[in-house]
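Observations on chain architecture
Okay, here's what each chain looks like letter by letter:
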Amino acid sequence: DAGITQSPRHKVTETGTPVTLRCHQTENHRYMYWYRQDPGHGLRLIHYSYGVKDTDKGEVSDGYSVSRSKTEDFLLTLESATSSQTSVYFCAISAAARGQETQYFGPGTRLLVL
Amino acid sequence: DQQVKQNSPSLSVQEGRISILNCDYTNSMFDYFLWYKKYPAEGPTFLISISSIKDKNEDGRFTVFLNKSAKHLSLHIVPSQPGDSAVYFCAASAGYSGGGADGLTFGKGTHLIIQP
């Protein structure tokens, strides 16, 4: 499972409040990613990081920011949560598996914005 | 515009038979393709991948075929087992085969149901 944990696993919050989701990995992987999954959309990339303090935007980055101050932690912040950000959020790292490059995913955080 | 398309939202297959899941892509820059399996309330799990320099890759019961000219790939599962019931996602990337890079573009998924 590549040692990926996400916290919290579930969160309910109100519109307009800031929310921070945490992704933690224990295996010193360089690349980390945040995706969201919504019905009818598959998974969509929000932001990614290619090293400490090196981040870039993905397909659906509006309303989100990220920070990576140390290799093992990648934080996703919803600056002012909206109902459209109700979703399941997955963190991933890039690694090799069985000789193939892939991304390993964390268990997800289910976020409900009321 | 969807760059990775899985046109079958669901597929039902009898246990022991072959399951074939299809995926089409439009971005000719994609050169690495992956299949993931996802159970409810869990993260996606990597199944198999293929680079555009190959047309087939096998791993146990799973085989992925790539037809670059048609921009089409398929995942074959033989024989299908009850534990294979899950949502399967096709994903693609440009320049990924060296690791890292810009993230993956996913299809919407196909819900595979294996019937006893």
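Calculation notes
- Residues numbered from 1 in each chain as written.
- Chains lettered and ligands numbered in written order.
- Predicted model: local features only at pLDDT ≥ 70, side-chain atom pairs only at ≥ 80, totals over all residues.
- Heavy atoms only, no water.
- Helix = DSSP H or I, 4+ residues; strand = E, 2+ residues; numbered from the N terminus.
- Rg over C-alpha atoms; globule rule 2.2 N^0.38 Å.
- Contact = heavy atoms within 4.5 Å.
- Buried area = accessible area lost by both parts, 1.4 Å probe.
- Salt bridge = Lys/Arg side-chain N within 4 Å of Asp/Glu carboxyl O.
- Polar contact = N/O pair within 3.5 Å; in protein donor to acceptor, adjacent residues only side chain to side chain.
- Nonpolar A, V, L, I, M, F, W, Y, C, P; charged D, E, K, R; others polar.
- Disulfide = S-S within 2.5 Å.
- Buried < 20%, exposed > 50% of the residue type's maximum accessible area, 1.4 Å probe, protein only.
- Core = buried A, V, L, I, M, F, W, Y, C linked by side-chain atoms within 4.5 Å.
- Pairing = 2+ DSSP bridges.
- Patch = residues over 30% accessible without salt bridge, like charges linked within 9 Å, V, L, I, M, F, W, Y side chains within 5 Å.
- Areas by Shrake-Rupley, 256 points an atom, 1.4 Å probe, with all protein chains shown as cover.
- Axes fitted to C-alpha atoms, helices over the stretch in contact; angles between N-to-C directions.

**Considering the overall build of chain A**
A count of helical and extended segments in chain A gives 0 helices and 11 strands. Each helix (α) and strand (β) of chain A, taken in turn from the N terminus, gives the series β-β-β-β-β-β-β-β-β-β-β. Taking 114 residues into account, the globule formula puts the C-alpha radius of gyration at 13 Å, and chain A, at 13 Å, falls close to it. Overall, chain A is about 45 × 30 × 25 Å in size when its C-alpha atoms are taken along their principal axes.

**Some words on the interface of chain B and chain A**
With 27 residues of chain B in contact, the opposing surface of chain A contributes 22 residues. Together, the buried faces of chain B and chain A total about 1900 Å²; carbon and sulfur atoms form 51% of this surface. Inspection of the region where chain B meets chain A yields 0 salt bridges. The interface formed by chain B and chain A holds 4 residue pairs in polar contact (both at pLDDT 80 or more) in total. Those elements that place two or more of their residues in the side of chain B that touches chain A are strand 4 (32-38), strand 5 (45-51) and strand 6 (56-59) of chain B. Across the side of chain B that touches chain A, the residue classes tally to 13 nonpolar, 9 polar and 5 charged.

**Quick word on the state of the cysteines**
All names here are of chain A. Taken as a whole, this structure holds 2 disulfides over all chains when the rule is applied. The disulfide partner of Cys23 is Cys91, and the S-S distance across this bridge is 1.8 Å. Across the disulfide from Cys23 to Cys91, rotation about the S-S bond amounts to roughly -70 degrees, and the bridge is consequently left-handed. Taken together, the positions of Cys23 in strand 3 (residues 19-25) and Cys91 in strand 9 (residues 87-97) put the pair 68 residues apart, joining distant regions of the chain. Residues Cys23 and Cys91 agree in their burial class; the two are buried.

**A short note on the nonpolar core**
Ranked by size, the top nonpolar core spans 23 residues in total, and within it Phe33(B), Trp35(B), Leu73(B), Leu75(B) and Tyr88(B) carry the most contacts. The greatest single-element share of this core, amounting to 4 residues, is contributed by strand 9 (residues 86-93) of chain B. Counting residues in hydrophobic clusters, the runner-up holds 20 residues, among them Met32(A), Trp34(A), Tyr64(A) and Phe74(A).

**Looking at the pairing of strand 9 of chain A**
Residue and element names in this part refer to chain A. The element strand 9 is extensively covered by neighbouring structure, given that 10 of its 11 residues are classed as buried. By the bridge criterion, 3 bridges tie strand 9 to strand 11 (residues 109-113) in an arrangement that is antiparallel. Bridge assignment links Val88 to a residue of strand 11, and that residue is Arg110. Sheet analysis places strand 9 next to strand 10 (residues 100-105), joined by 6 bridges and oriented antiparallel.

**Quick word on a nonpolar patch on the surface**
All names here are of chain A. Together, Val12, Leu112 and Leu114 make up an exposed nonpolar region whose accessible area comes to about 290 Å². Mapping Leu114 onto the fold places it in the segment after strand 11. Classification of Leu114 as exposed rests on a relative accessible area of 59%.

**A short note on the pattern of salt bridges**
All names here are of chain A. This structure, assessed with the given rule, holds 6 salt bridges over all chains. Between Asp38 and Arg44 there is a salt bridge whose closest N-O contact spans 2.9 Å. Assigned by exposure class, Asp38 and Arg44 land together as buried. Residues joined in a network through salt bridges with shared partners are Arg22, Lys70 and Asp73.

**Details of the sheet that holds strand 3 of chain A**
Residue and element names in this part refer to chain A. Taken together, the 4 strands give an open sheet; going across it, the order is 1-3-8-7, and neighbouring strands pair in antiparallel fashion. Two strands bound the open sheet, and with one partner strand each, they are strand 1 (4-7) and strand 7 (64-70). The average undirected angle you get between the axes of adjacent strands in this sheet is 20 degrees. Here strand 1 pairs with strand 3 via 4 bridges, running antiparallel. Looking at the pairing, Thr5 lines up with His24 of strand 3.

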